[in-house]
Amino acid sequence: MKLKQHASKRTFMKNAACAVVLGLFTMASSQVTAEVNTTGLAVTDDTVTVGILHSLTGTMAISETGAQEAEKLAIKQINEMGGILGRKIKIIQEDGASDWPTFAEKSRKLLVKDKVAAVFGCWTSASRKAALPVFEKENGLLYYPTFYEGLEQSKNVIYTGQEATQQIIDGLNWVAKEKKAKTFYLIGSDYIWPRTSMKIARKHIENVLGGKVVGEEYKPLGNTQFGSVINKIRLKKPDVIYAAVVGGSNVAWFKQLKAAGITSKKQTLLTISVTEDEVLGIGGENLEGFYSIMKYFQSQDNPNNKAFVKAFKEMWGEDSVIGDVTQAAYLGPWLWKAAVEKAGSFDIDKVVAASEKGDIELTTAPEGYVKLHPNHHLWSKARVGRWNKDGQATVVYTSELIEPDPFPKGYQ
Amino acid sequence: MNYFYEKVMGGKSGLTGFIILAVVILVAFPLFLDIFRLNLVGKYLTYAFPAVSLVLLWGYGGILSLGQGVFFGLGGYAMAMFLKLEASSPENTAIQSTPGIPDFMDWNQLTELPWFWVPFESFTFTLLAVIIVPAIFAYIIGAAMFKRRVGGVYFAIITQVIAVILTVLIVGQQGYIGGINGITDLRTLHGWDITTDNAKVIFYYICCLLLLSIVIVGRLILTSKFGSLLLAMRDKEDRVRFSGYDVSHFKIFIFCVASIFSAIGGALFTLQVGFMSPSFVGIVPSIEMVIFCAVGGRMSLIGAIYGALLINFGKTAFSETFPQLWLFLMGGLFIAVVMFFPNGLAGIWNTYGHYITDRLKQLKTVFVMKPSPQEAKQDLG
């Protein structure tokens with residue numbers, strides 16, 4: 001795992017350190033620490049402390065476990081390479097407990113008490129919205145891994161997942177072209193991310209693709225009764241079912257579809273909320289032949305991903321699966337490392353400034369290549385995967401690199 | 001005054017408990033805790049409001065409400081709506097397609113402020129709403145239930161259902177009340193930055209003083225004739241009814257009082273934590289409030305406060321130390337309290353407290369050889 005700007009920066013740091021050592025032999029190390037940390041963060045001569053904040057308990061634990069595992073893997077690998085600016089990364093982990101106020105409380109604890117230099121965490125939009133004011137107030141730095149609704153750009157957050165337009169538009173173009181789809185049925189869980197995503201999808205279907213939305217429906221989080229929606233779908237016979245049902249509801253949703261005889265043989269279904277993690281619960285046989293749009297699939301065939309999957313399984317067990325968010329979480333520590341080395345400092349303001357230059361890139365990302373846009377989001381590709389019985393997806397389409405646009409014009 | 005001292009404060013021992021509580025929360029915590037921990041304690045104390053309300057309602061009234069979160073939420077949301085409107089000035093929200101309305105409305109394609117938000121531009125209205133809205137709501141529920149003599153388990157189930165309904169309503173109407181994210185990012189109160197350390201200390205003290213006041217109000221209620229009737233109703237409802245009292249009126253009244261107490265806690269929560277979300281309205285927080293009350297001792301107004309503090313301290317401490325295991329430790333704590341101290345913390349004090357008071361008395365006799373006649377009289381009494 002090497003980053004492009006890494007080498008030159010490292011030499012520079014070495015030179016700088018040499019100069020200091022020559023000049024002030026005895027005070028060398030302490031001076032360096034004073035230079036790279038002027039705001040009182042938890043940085044010593046040989047360590048730097050970061051926080052990991054995901055739900056380890058509660059309903060979200062099943063989704064968030066992969067993310068925190070990936071973050072720990074990345075940090076372990078960085079430490080094995082010698083750490084950041086010569087300092088090993090120490091982790092303080094807190095439990096968000098699937099409870100949004102707890103995320104706010106623990107964020108404040110990490111920033112105020114522990115003075116961590118960065119936090120890798122949050123999963124749902126609600127937890128991010130709860131923690132965001134704390135990060136802005138205490139001037140912390142959060143690496144947020146989930147694909148999300150956009151409409152946000154905070155100085156104190158780096159978004160390593162896709163914002164809604166990146167995920168949605170290319171996938172819709174693909175299905176319109178490949179499947180000659182004209183009519184769409186939209187269904188999602190009832191909260192901000194599915195609603196915003198569907199809003200963007202509807203505008204794109206109606207205004208750009210010239211298609212028609214024949215139904216739009218939202219079900220409460222955790223809902224397990226999809227009978228009425230399935231009946232309506234049968235009645236409307238849409239070319240594509242476009243779904244953003246999240247979490248445990250997916251199990252009921254796909255099983256009931258199958259029980260109603262709606263399978264991939266007769267029906268195209270495109271979802272933006274199912275990753276390998278969810279398939280583990282749903283069962284591959286229940287959604288065989290359906291499609292997901294994501295930026296990453298575990299089956300992606302490139303050397304970066306092979307090394308990543310191997311390392312992940314070595315650390316967390318042969319049975320572990322890696323979903324889109326897990327991979328995005330893995331990018332967090334690497335992006336932070338790149339920004340810190342570019343800034344030559346752990347100071348939040350300097351790291352943010354370095355991140356906003358727009359030239360931080362990871363050539364070794366498992367998903368391929370990503371680049372950090374000045375708007376704090378990543379340039380990335382959208383991929384369409386077709387699900388197989390074994391719970392893995394075959395990538396059938398890969399887009400060009402898409403520019404992140406958290407405030408899309410014409411889609412609001 | 002004598003009545004106040006003897007009855008309301010509960011004489012010497014009652015007053016001692018009250019003063020210890022006041023000293024702990026007003027002096028000891030601010031002295032020994034840094035601002036981060038103090039703010040956390042402030043948050044815990046807001047949970048003590050519904051816990052105290054449950055002592056009145058459940059401990060003395062025998063009415064188990066599993067829906068106090070509803071009222072906590074109503075108070076909290078009222079305050080959050082006011083703060084959100086202030087945070088959504090056209091300058092702050094210039095990036096939106098409709099500036100000047102809260103961000104979540106803009107995300108849900110609303111283009112103007114819904115009518116029921118408009119009055120919340122006034123702070124006076126908001127303060128009144130924090131008290132009146134939950135009271136009216138409680139009155140409607142109470143009138144519908146108690147007039148029909150619905151009680152016991154049925155009442156508990158219905159309050160729980162109401163908590164679910166309200167949660168579903170809030171989550172479903174995200175354009176109007178923020179959905180599952182809640183109302184977040186509250187920053188100022190009349191231009192005063194409520195996120196500063198200074199503001200947090202002030203809110204902490206306001207919270208303490210209001211909490212002490214509701215304890216006094218609670219004691220006033222319990223020591224009045226109404227308090228005796230409440231106990232009588234709990235133990236033999238029919239006998240009270242046959243004596244010519246309209247039981248339902250008393251029940252409605254105490255239910256309204258309890259709802260107001262909870263709502264005040266909710267409003268203070270919003271001010272101290274800076275947001276409100278449906279996760280304080282549903283079943284889980286409502287049951288947690290009953291647990292605070294049970295752990296503290298459901299017959300003790302002050303015990304309930306310690307219960308809320310202990311459980312929340314435990315939550316924070318265990319989850320910081322053992323992020324993966326803390327729920328098991330909390331479970332162990334509940335089981336231990338229920339098994340060994342069925343009357344809660346207050347029970348421990350009542351059983352073992354006299355050892356301490358005895359020792360204090362011994363010390364007193366050693367140091368002050370002659371007790372004053374007044375004290376001697378009291379000891380007799």
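Residues numbered from 1 in each chain as written. Chains lettered and ligands numbered in written order. Predicted model: local features only at pLDDT ≥ 70, side-chain atom pairs only at ≥ 80, totals over all residues.

Peer 1: Can you help me understand the overall build of chain A in this one?
Peer 2: In terms of helices and strands, chain A carries 13 helices and 14 strands. Scaling as 2.2 N^0.38, a compact globule of 412 residues should have a C-alpha radius of gyration of about 22 Å, and chain A matches this with 22 Å. Principal-axis analysis of the C-alpha atoms gives chain A an extent of 80 × 45 × 40 Å. Among the 412 residues that make up chain A, the fraction classed as buried is 52%. (Helix = DSSP H or I, 4+ residues; strand = E, 2+ residues; numbered from the N terminus. Rg over C-alpha atoms; globule rule 2.2 N^0.38 Å. Buried ≥ 20, exposed ≤ 12 C-beta atoms within 10 Å, placed from the backbone.)

Peer 1: What's the story with the sheet that holds strand β3 (residues 119–121) of chain A in this structure? I'm lost.
Peer 2: Through backbone hydrogen bonds, the strands of a sheet pair up, either in parallel or in antiparallel fashion. All names here are of chain A. Taken in spatial order, the five strands line up as β2-β1-β3-β4-β5 in an open sheet, and their pairing is parallel. Edge positions in the open sheet fall to β2 (88–95) and β5 (157–159), since each of these has one partner strand only. Strand-to-strand twist across the sheet, computed as the mean angle between neighbouring axes with direction ignored, equals 25 degrees. Where β3 meets strand β4 (residues 142–144), two bridges bridge the pair, whose relative direction is parallel. Counted as the bridge partner of phenylalanine 120 is tyrosine 143 from β4. Where helix α3 (residues 61–80) meets the sheet, its contacts fall on β1 (47–54), β2 and β3, and the angle it forms with β2 comes to roughly 165 degrees. (Pairing = 2+ DSSP bridges. Axes fitted to C-alpha atoms, helices over the stretch in contact; angles between N-to-C directions. Contact = placed C-beta atoms within 7 Å.)

Peer 1: Just checking my understanding: could you explain the nonpolar core for this structure?
Peer 2: Where a protein is soluble and globular, its nonpolar side chains tend to be buried together. Counting residues in each nonpolar core, the largest one holds 169 residues, and the members touching the most others are A:Leu335, B:Ala51, B:Val52, B:Ala304 and B:Ile305. When residues of this core are assigned to their parent elements, the largest contribution, 14 residues, is made by helix α12 (residues 247–273) of chain B. Leaving out residues up to four positions away in the same chain, B:Val52 has contacts with B:Ile214, B:Val215, B:Gly218, B:Phe261, B:Leu301, B:Ala304 and B:Ile305. Within the second largest apolar cluster, 46 residues are counted, among which are A:Ile169, A:Met198, A:Trp253 and A:Ala382. (Core = buried A, V, L, I, M, F, W, Y, C linked by C-beta atoms within 7 Å.)

Peer 1: Help me out: how do you make sense of helix α11 (residues 303–316) of chain A in this one?
Peer 2: The terminal C-alpha atoms of α11(A), which comprises 14 residues, lie 20 Å apart, in line with the 20 Å expected from a rise of 1.5 Å per residue. Its buried side turned inward, α11(A) meets α3 and α12 (324–343) of chain A. (Expected span 1.5 Å × (residues − 1).)

Peer 1: Would you mind showing me how to read the confidence of the model for chain A here?
Peer 2: A low pLDDT means the predicted coordinates there should not be read in detail. All names here are of chain A. Overall, the prediction assigns chain A a mean pLDDT of 90, with 92% of residues at 70 or greater. Least confident of the elements in chain A is helix α1 (residues 6–23), whose mean pLDDT is 49; most confident is β4, at 98. A low-confidence stretch, residues 1–5 stays under pLDDT 50, and its non-local contacts, those more than four residues away or across chains, total 10 contacts. Within the model, pLDDT remains below 50 along residues 18–31, and this stretch shows seven contacts once partners closer than five positions in the same chain are excluded. (pLDDT = per-residue confidence, 0-100.)

Peer 1: Got a minute to help me understand unusual backbone geometry in this structure?
Peer 2: For residues that are not glycine, phi is negative in most cases, and the peptide bond is trans in most cases. Despite not being glycine, A:Lys237 has its phi angle at roughly 45 degrees, a positive value. Counting through the fold element by element, A:Lys237 comes out in the loop between α8 (227–236) and β8 (240–244).

Peer 1: Help me out: how do you make sense of the packing of helix α3 (residues 35–60) of chain B against helix α9 (residues 197–223) of chain B in this one?
Peer 2: The geometry of a pair of packed helices is captured by two quantities: the angle between their axes and the separation between those axes. Residue and element names in this part refer to chain B. Where α3 meets α9, the closest approach of the two axes is 9 Å, and the angle between their N-to-C directions is 15 degrees. Classed by the angle they form, the pair α3 and α9 counts as roughly parallel. Both α3 and α9 take part in a crossing whose hand is left-handed. A class-by-class count of the residues in the contact of α3 with α9 yields 18 nonpolar, four polar and two charged. (Parallel < 35°, antiparallel > 145°, perpendicular 65-115°, else oblique. Left-handed = near helix turned anticlockwise from the far one by under 90°. Nonpolar A, V, L, I, M, F, W, Y, C, P; charged D, E, K, R; others polar.)

Peer 1: Teacher, can you tell me more about the packing of α9(B) against α12(B) here?
Peer 2: Residue and element names in this part refer to chain B. In contact at an axis separation of 10 Å, α9 and α12 are set at 175 degrees when each is read in the N-to-C sense. Regarding the angle of α9 to α12, the classification is roughly antiparallel. Two secondary-structure elements touch here, α9 through Lys200, Phe203, Cys207, Leu210, Ile214 and Ile221 and α12 through Val257, Phe261, Ile264, Leu268, Leu271 and Gln272. Per-class residue counts for the contact of α9 with α12 are 10 nonpolar, one polar and one charged.

Peer 1: Any chance you could explain the interface of chain A and chain B here in plain terms?
Peer 2: When the parts come together, some accessible area is lost, and that loss is often what is quoted as the size of the interface. On the chain B side, the residues contacting the 31 residues of chain A number 27 residues. Mapped onto the side of chain A that touches chain B, the elements with two or more residues apiece are β2, α4 (100–113), α5 (125–138) and α7 (192–208) of chain A. Broken down by element, the residue count for the side of chain A that touches chain B peaks at eight residues, all from α4(A).

Peer 1: Whenever I open this one, the domain arrangement of chain B confuses me. Can you help?
Peer 2: All names here are of chain B. Considered domain by domain, chain B is made up of domain 1 (34–342) and domain 2 (343–381). Computed over C-alpha atoms, the centres of domain 1 and domain 2 are 37 Å apart. Across the boundary between the two partners, domain 1 contributes 14 residues, which contact six residues of domain 2. Only α13 (283–296) and α14 (301–321) provide two or more residues apiece to the side of domain 1 that touches domain 2. For the side of domain 1 that touches domain 2, the element with the highest residue contribution is α14, accounting for four residues. Grouping the amino acids of the side of domain 1 that touches domain 2 by side-chain chemistry returns eight nonpolar, five polar and one charged. (Domains from an automatic or database assignment.)

Peer 1: Would you take a moment to explain the environment of B:Gln174 for this structure?
Peer 2: Take B:Gln174: it is sitting in helix α8 (residues 174–177). For B:Gln174, a count of 22 C-beta atoms within 10 Å puts it in the buried group. Put simply, B:Gln174 and B:Asn108 are 66 residues apart on the chain and 7.5 Å apart in space, counted from C-alpha to C-alpha. Here B:Gln174 is in contact with A:Tyr191, A:Ile192, B:Phe104, B:Asn108 and B:Gly179, once residues within four sequence places are set aside.

Peer 1: Would you explain the domain arrangement of chain A in this entry?
Peer 2: Residues and elements named next belong to chain A. Domain annotation of chain A identifies domain 1 (6–161 + 301–376) and domain 2 (164–294 + 384–402). Summarising the inter-unit geometry, the C-alpha centres of domain 1 and domain 2 are found 32 Å apart. When contributions to the side of domain 1 that touches domain 2 are tallied by element, the ones reaching two or more residues are α3 and α12. Classifying every residue of the side of domain 1 that touches domain 2 gives six nonpolar, five polar and two charged.

Peer 1: I'm lost on α3(A) in this one. Help?
Peer 2: The periodicity of an α-helix, 3.6 residues per turn, causes residues three or four places apart in sequence to face the same way. Residue and element names in this part refer to chain A. Between its first and last C-alpha atoms α3 spans 28 Å; for 20 residues at 1.5 Å apiece the expected length is 28 Å, and the two agree. Listed in full, the buried residues belonging to α3 are Ser63, Glu64, Gly66, Ala67, Gln68, Glu69, Ala70, Glu71, Leu73, Ala74 and Ile75. Along its buried surface, α3 packs onto β1, β2, β3, α10 (276–282), α11 and α12. Glycine 82 sits one or two residues past α3 and shows a positive phi near 110 degrees.

Peer 1: Where do I start with the environment of A:Asn223 in this structure?
Peer 2: Residue and element names in this part refer to chain A. Residue position: asparagine 223 is located in the loop between β7 (212–219) and α8. Taking the C-beta count within 10 Å as the criterion, asparagine 223 has 17 such neighbours and is therefore assigned partly exposed. Along the chain, asparagine 223 and alanine 252 lie 29 residues apart, while their C-alpha atoms are 8.2 Å from each other.

Peer 1: Any chance you could explain the pairing of strand β6 (residues 183–189) of chain A here in plain terms?
Peer 2: Residues in a regular strand point their side chains to alternate faces of the sheet. Residues and elements named next belong to chain A. Where burial is concerned, most of β6 is hidden: six out of the seven residues are buried. With seven bridges connecting them, β6 and β7 associate as parallel partners. What sits directly across from isoleucine 187, in β7, is glutamate 217. Crossover handedness for the path β6 to α7 to β7: right-handed. Bridge count between β6 and β8: five bridges; the pairing is parallel. Note that in β8 the partner of glycine 188 across the bridge is alanine 244. (Right-handed = clockwise from strand over helix to strand, strands pointing away.)

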